[in-house]
Amino acid sequence: MTHVEHELKSQPECWIRAAEQAKAHDGALPEVGERVAIVGCGTSFFMAQAAAALREGSGQGETDAFAASEFPEGRSYDRVVALTRSGTTTEVLELLGRLRGRTRTTAITADPATPVMDRADDLVVLDFADERSVVQTRFATTALTLFRAHLGLHTDDVVADARTALATPLPEGLVDCAQFTFLGRGWTVGLANEAGLKMREASLAWTEAYPAMEYRHGPISVTTAGTATWMLGEAPEGLAEQVRATGGRWVAGELDPLAELVRAQRLAVAVAAARGLDPDRPRHLTRSVVSPRRPAEPSGRAPRRRSCATRSHR
């Protein structure tokens, strides 16, 4: 079993732990009414998109998501939350350094012994969801589960659906498709983007992702026999029929969208195996992207505030 297979199968247990700890991390996570930006790189950026849409959609405050390298410096926020599994990603560290002293920051990471620990005001460590694999699975979904629980949007049904996603065979013949498109709406657009990234990273598959209503504005033109379109969440009326009319394959998202992402992770591993690829060794990728130019060392500042549940991880 590859590292990524082992890690993706552990997600239900990780989600349970994150949900149980959410209350203890309240002081580090955004308060109701705060204007918030959530940032990350790669997978973490896509989880930021999902978390931002969930928070704003639940009426808890205006929330934006940015790739860390694209953060709008002139915009004012009450808090910036950085998602970073490794805690070493250059763009995240540099952004936190620039925000020091003028915007409250929170870092959610998997490793308690990395530079991000000295660059954020508040810290949440999900070390039980850390990974050996380059390809992220459980840390990303566990961080999002923490947000969902903090927002009051996590239920036991989500974990049950994740177990179903792991136990139920993938649709027959899906692995043989030549092209995959993932669609989402609202918070699941971020999940669709992440599903596409998993396919590209692990299996080098031709994969795209779009907001579901945008799919009809051009991208559907490449859909034909041998392609699959997978909906994460509820589909717009009539879209399934339009996709089937092209000769393409429609995959309905029948589980909680986060559990559907687990199914997409499994598909990425299965396609990799069918193509003779090792998903633990994705082409041209490393576990963390660190540029040769090191971020500036932190200057003197007031002691950072830690989430109380983080102390035990030190």
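Here, the structure is the one placed above.
Being a predicted model, the structure only gives us computed values, none of them experimental. (Residues numbered from 1 in each chain as written. Predicted model: local features only at pLDDT ≥ 70, side-chain atom pairs only at ≥ 80, totals over all residues. Heavy atoms only, no water.)

### Overview of the overall build of the chain
Inference 1: Counting its secondary structure elements, the chain contains nine helices and nine strands.
Inference 2: The proportion of buried residues among the 314 residues of the chain is 57%.
Inference 3: Considering only contacts within the chain whose residues lie at least 6 apart along the sequence, 74% involve residues at least 24 apart.
Inference 4: Summing over all exposed atoms, the chain offers an accessible surface of approximately 13,000 Å²; the carbon and sulfur share of this is 50%. (Helix = DSSP H or I, 4+ residues; strand = E, 2+ residues; numbered from the N terminus. Buried < 20%, exposed > 50% of the residue type's maximum accessible area, 1.4 Å probe, protein only. Contact = heavy atoms within 4.5 Å. Areas by Shrake-Rupley, 256 points an atom, 1.4 Å probe, with all protein chains shown as cover.)

### Some thoughts on the pattern of salt bridges
Inference 1: For the coordinates displayed, the defined rule picks out 14 salt bridges.
Inference 2: Of the charged contacts, one joins D122 and R104 as a salt bridge, the two residues approaching to 2.7 Å between their closest N and O atoms. Here D122, found in strand 5 (residues 122-125), pairs with R104, found in strand 4 (residues 104-109); they are 18 residues apart in sequence, far enough to count as distant.
Inference 3: Here R148 ties to D256 by a salt bridge, and the two come within 3.0 Å at their closest N and O atoms. (Salt bridge = Lys/Arg side-chain N within 4 Å of Asp/Glu carboxyl O.)

### What to know about the nonpolar core
Inference 1: Among the nonpolar cores identified, the biggest contains 58 residues, and I38, I108, L144, F180, F182, L191 and L267 are the most heavily contacted of them.
Inference 2: Counting residues per element, this core draws most heavily on helix 9 (residues 257-274), at eight residues.
Inference 3: Residue contacts for I108: discarding those within four places in its chain leaves L29, V81, A82, L83, T84, V124, L126, F139, A143, L146 and F147.
Inference 4: In terms of nonpolar packing, the next biggest core, distinct from the first, is built from 19 residues, V39, L96, L99 and M117 among them. (Core = buried A, V, L, I, M, F, W, Y, C linked by side-chain atoms within 4.5 Å.)

### Some thoughts on the pairing of strand 1 (residues 36-40)
Inference 1: Across the five residues that make up strand 1, a large majority, five, are buried.
Inference 2: Burial along strand 1 is two-sided: V36, I38 and G40 and A37 and V39, pointing in opposite directions, are all buried.
Inference 3: Of the strand pairs in this sheet, strand 1 and strand 2 (residues 63-67) are connected by five bridges, and their pairing is parallel. Note that in strand 2 the partner of I38 across the bridge is A65.
Inference 4: Crossover connection from strand 1 via helix 3 (residues 43-57) to parallel strand 2: handedness right-handed. (Pairing = 2+ DSSP bridges. Right-handed = clockwise from strand over helix to strand, strands pointing away.)

### Points about the side chain of T114
Inference 1: Assignment of secondary structure puts T114 in the loop between strand 4 and strand 5.
Inference 2: The exposure class of T114 is buried, given its relative accessible area of 10%.
Inference 3: Separated by 3.4 Å, the side chain of T114 and the backbone oxygen of S86 make a polar contact.
Inference 4: Side-chain polar atoms of T114 contact the backbone oxygen of D111, separated by 3.1 Å.
Inference 5: Apart from residues no more than four positions distant in its own chain, T114 is found in contact with S86, G87, T88 and T109. (Polar contact = N/O pair within 3.5 Å; in protein donor to acceptor, adjacent residues only side chain to side chain.)

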